[in-house]
Amino acid sequence: MEKLRPIMLGGTGSDVGKSVLAAGFCRIFRQDGYLPAPFKAQNMALNSYVTPDGLEIGRAQAAQAAAAGIDCLVEMNPVLLKPSGEMMSQVVVNGRPEGNRSAYGYFREDDKSRLRQVAHEAFDRLSARFNPIVMEGAGSIAELNLKHRDIVNMSMAGYADARVILVADIDRGGVFASVYGSVMLQEEKERERIAGVIINKFRGDLRLFDEGRRIIEKTAGIPVFGVMPYLSDIHIEEEDSVSLKKKNTTSTTENLVNVAVVAVPHLSNFTDFDSLAIDSRVHLYFTMDPEEIRKAEIVILPGSKNTIGDLEALNDNGCRDAVLDCARRGLTVFGICGGYQMMGESVADPEGVEGNPRSIEGLGLLPVKTVLSGEKKVTRTDFFLPGSQTVNKGYEIHVGMTEPIDPDSKEFAVTSGGVKDGCRVSDGIMGTYLHGCLDNREVIDLLVAPYAKKRGLRAEISRTHDEYMELQYDRLAAEMRKYIDIDRIYDIMRK
């Protein structure tokens, strides 16, 4: 196959759809016989994933790699920032944590020469193996106050000699100003690198934007490669926590199993619940409203980047009492990672991993106690539920150790290596360190089936999570081929 020039999906802002379109291009190039790979120099997200060699990258790049038909590599996201509260973020470089930095210190004070070099070296290793590279920018390409420290947007495109495709979200309004401003605020050499724009998330009859296309091309001086409709029925894992605001926040009175994810302030890995969201038996919603929590049959305490801070939030707004009330009524309370830690008797942070050294009383639902430490466990994990021979898949990303207070307490699962994971005091009260566990049908049924049976509901999806996602990537690629001039995209990559 001929060598193609890299492309970069650059945004007029955050949450404009760059990640999803990058996944679609990865699938298209794969379908056309190329060996593409995704790349994002720097990512800020609480959604992360584990590479086969136990390194941590942004979840979006792992999804894009899956769309490309390859396993994820740390080179696809060499710098990852994981916000942890109080304007602090953990800095992960080449898949390993390097400590915490304040937002001001990272974006205003740090010398970016080393991280820029890290990003360049990762890109070089990736581009030596794959063709083409589908790059993704971060936020807006026109953040002028941060431009001289940029390692992910136009400076990275310049290093890679990539053509930039601007992505603009018409659904949020102001698309003409955002496109024009994003182009005109660039230096001349950078404007020349912007090959065109994709207008994303259009609702209604696309013909209504024909004049809009002409206006953008005339005022901004770049071609419109396509206008993508709002794809509400294609499910691709999203990166930005902004997307949480679009999810359900209340229970339903329909004949469905209400599943409430407690939307703690530092919620991480919200893609853990994507498979639940598409289960035909389930109504999934995210809430910090105690009354909405009480309406759920299944309450899930999710992963957290600040376990103690989120426990304090539960105490302060009445959610703690609501969760305990559900447990007392015999309903299901399930914790994942940080949520599992919260369900124990106590969480201690003697090293100040999450801030000042301190400890806090847990919810007391599980006979375990947690001590946080600076060492981070990052690994993929195959596991079995007790009494089952079905191999399930998950991954672990956490700090600290959780030990049973009662040595006879039951585990949630056993790994393929024979290690006990989590804790279960009943079929309704349990916790685990295993992210991604709910992508396994056996685990979903463990939670949902008892309630679904009472309601006379049956699962309609027989595919595995991976099979379902393969279908979504193919559907996304088909829609992009329909609405984007793919031949023109290839043309800018060949010149």
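Further up the page is the structure itself.
Residues numbered from 1 in each chain as written. Predicted model: local features only at pLDDT ≥ 70, side-chain atom pairs only at ≥ 80, totals over all residues. Heavy atoms only, no water.

## So, the environment of valine 197
Point 1. Checked against the element boundaries, valine 197 lands in strand β11 (residues 194–202).
Point 2. Between the C-alpha atoms of valine 197 and leucine 438, which are 241 residues apart in sequence, the distance is 37 Å.
Point 3. In this structure valine 197 touches Leu166, Ala168, Val179, Ile216, Ile222, Pro223, Val224, Phe225 and Gly226, once residues within four positions along its chain are discounted. (Helix = DSSP H or I, 4+ residues; strand = E, 2+ residues; numbered from the N terminus. Contact = heavy atoms within 4.5 Å.)

## Here's the deal with the sheet that holds strand β13 (residues 257–262)
Point 1. The strand order across the open sheet built from 6 strands is β15-β13-β16-β18-β26-β25, with neighbouring strands paired in mixed fashion. This sheet does not close on itself; its edge strands, each paired only once, are β15 (282–287) and β25 (423–424).
Point 2. Lying on the sheet, helix α12 (residues 319–328) is in contact with β13, β16 (298–301), β18 (332–336) and β26 (429–432); it crosses β16 at an angle near 135 degrees. (Pairing = 2+ DSSP bridges. Axes fitted to C-alpha atoms, helices over the stretch in contact; angles between N-to-C directions.)

## Re helix α16 (residues 486–494)
Point 1. Taken together, the buried positions of α16 are Ile486, Ile489, Tyr490, Ile492 and Met493. The arc that holds every buried residue of α16, seen down its axis, measures 160 degrees, which confines them to one face.
Point 2. The elements touched by buried residues of α16 are β1 (7–11), α1 (18–31), β10 (163–169), β11, β12 (224–229) and α15 (465–483). (Buried < 20%, exposed > 50% of the residue type's maximum accessible area, 1.4 Å probe, protein only. Arc of directions from axis to C-beta.)

## A word on the nonpolar core
Point 1. Membership of the largest hydrophobic core comes to 84 residues, with the highest contact counts inside it found for Phe25, Phe29, Val179 and Ile199.
Point 2. If one sorts the elements of this core by residue count, α1 sits on top with 7 residues.
Point 3. For phenylalanine 25, the contacting residues outside a window of four places in its chain are Ile7, Leu9, Val134, Ile198, Met480, Ile484, Ile486 and Ile489. (Core = buried A, V, L, I, M, F, W, Y, C linked by side-chain atoms within 4.5 Å.)

## Section: the side chain of serine 140
Point 1. With respect to the helices and strands, the residue serine 140 is situated in the loop between β9 (133–136) and α5 (154–160).
Point 2. In contact with serine 140, other than residues within four places in its own chain, are Gly11, Thr12, Gly13 and Asn153.

## Notes on the pattern of salt bridges
Point 1. All told, the structure shown has 34 salt bridges when counted by the stated rule.
Point 2. Among the salt bridges present, the one from arginine 294 reaches aspartate 325, with a minimum N-O distance of 3.3 Å. Remark: aspartate 325 occurs in helix α12 and arginine 294 occurs in helix α10 (residues 290–294); sequence separation between them is 31 residues.
Point 3. A residue is classified by how much of its surface remains accessible, and arginine 294, at 25% relative accessible area, is partly exposed.
Point 4. Residue glutamate 297 pairs with arginine 455 through a salt bridge whose shortest N-O separation is 3.4 Å. With glutamate 297 in the loop between α10 and β16 and arginine 455 in helix α14 (residues 441–455), this pair connects stretches of sequence that are 158 residues apart.
Point 5. In this structure, a network of salt bridges that share partners links the residues Asp279, Arg281, Arg441 and Asp445. (Salt bridge = Lys/Arg side-chain N within 4 Å of Asp/Glu carboxyl O.)

Function cannot be read off these values alone, since they describe shape.
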